[in-house]
Amino acid sequence: LRQLKLNSPEKRKELGRDRMIPVVGDQLTVERLRGLFKFRAEDDSSFERNEHILQFFGWFHLEMIVAGSLHKQFYGTSKTMGLMHDFTLLNKKGISRPITKGPFHHHLDEAIHHRLEAHLRYCWIIVTKVRNLAELRKKTPRELLDLAEVIYREHASSLALDALAMKPKLEQDELRRQTIMLNRDSLHYDTLVHAIKTG
């Protein structure tokens, strides 16, 4: 407060009555602030109760947790289904096991996005039956939107998983189920990352 020139009695009064200071931190910072609020809850003024502090959750940590969860759930092996197989095909290195130091999250985030883009491009080819994605330029925006909805519904949603589960056991394709689940969860991750970046 001294550095912000908010330490005079008048400025403290103004801060307690009219202003807010946003504090963006990680989960530990937010927990410590909550503890401080509880400790000072019965103090006399809003300034002493720290009511001028507005805490924000550390969204980057949530992004790391979701990416780590995808890594843990869908890792698989290089010879079977899963992220490891896709990472091997995409020649992604340094993401075989989660580590908190270094560029692991950056590499994992990039790999998840590359993998999702590759799978969705392949879905466009399957649904539209084109040989090359450039052929889609002949479609109208309405047709492209309708096709995107079909791709989402049939290849990247809980509805697609439900439809697959309704089939007889012998007709259920485990590889397809895993791919749909990973596409769906990767889209949720992509939405989260986009929402954090754009506020």
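Now for a description of the structure that goes with this document. Only a predicted model underlies this, so the values are computations on that prediction, with no experimental measurement involved.

Rules and cut-offs
Residues numbered from 1 in each chain as written. Predicted model: local features only at pLDDT ≥ 70, side-chain atom pairs only at ≥ 80, totals over all residues. Heavy atoms only, no water. Axes fitted to C-alpha atoms, helices over the stretch in contact; angles between N-to-C directions. Helix = DSSP H or I, 4+ residues; strand = E, 2+ residues; numbered from the N terminus. Parallel < 35°, antiparallel > 145°, perpendicular 65-115°, else oblique. Contact = heavy atoms within 4.5 Å. Nonpolar A, V, L, I, M, F, W, Y, C, P; charged D, E, K, R; others polar. Salt bridge = Lys/Arg side-chain N within 4 Å of Asp/Glu carboxyl O. Buried < 20%, exposed > 50% of the residue type's maximum accessible area, 1.4 Å probe, protein only.

**Regarding the packing of helix α6 (residues 141-155) against helix α8 (residues 174-198)**
Close contact between α6 and α8 brings their axes to 9 Å; oriented N to C, the two are set at 120°. One element, α6, and the other, α8, form an angle in the oblique class. Of α8, the residues touching α6 (which contributes Y152, E154 and H155) are R176, I180, N183 and L187. Each residue belonging to the contact of α6 with α8 can be placed in one class, and the counts come to three nonpolar, two polar and two charged.

**Here we look at the pattern of salt bridges**
Pairing between side chains of opposite charge can happen when their charged atoms approach one another. A full pass over the atoms with the stated rule returns 10 salt bridges. One salt bridge in this structure joins D18 and R17, with 3.0 Å as the shortest N-O distance. By relative accessible area, which is 55% here, R17 ends up exposed. With a shortest N-O distance of 3.0 Å, R34 and E31 are connected by a salt bridge. Of this pair, R34 and E31 both sit in helix α2 (residues 27-39), three residues apart, which is roughly one turn of that helix. Taking the relative accessible area as the measure of exposure, R34 reaches 40% and is therefore partly exposed.

**Side note on the side chain of H52**
Position of H52 among the secondary structure elements: in the loop between α2 and β2 (53-56). With a relative accessible area of 4%, H52 lands in the buried category. The contact partners of H52, leaving out residues within four places of it in the chain, are L15, R19, M20, I21, S46 and F47.

**So, unusual backbone geometry**
Positive phi, normally seen in glycine, also occurs at K5, with a value near 60°. Here K5 is to be found in the segment before α1 (9-18). A residue is classified by how much of its surface remains accessible, and K5, at 64% relative accessible area, is exposed. Phi at N50 takes a positive value of approximately 60°, unusual for a residue other than glycine. Residue position: N50 is located in the loop between α2 and β2.

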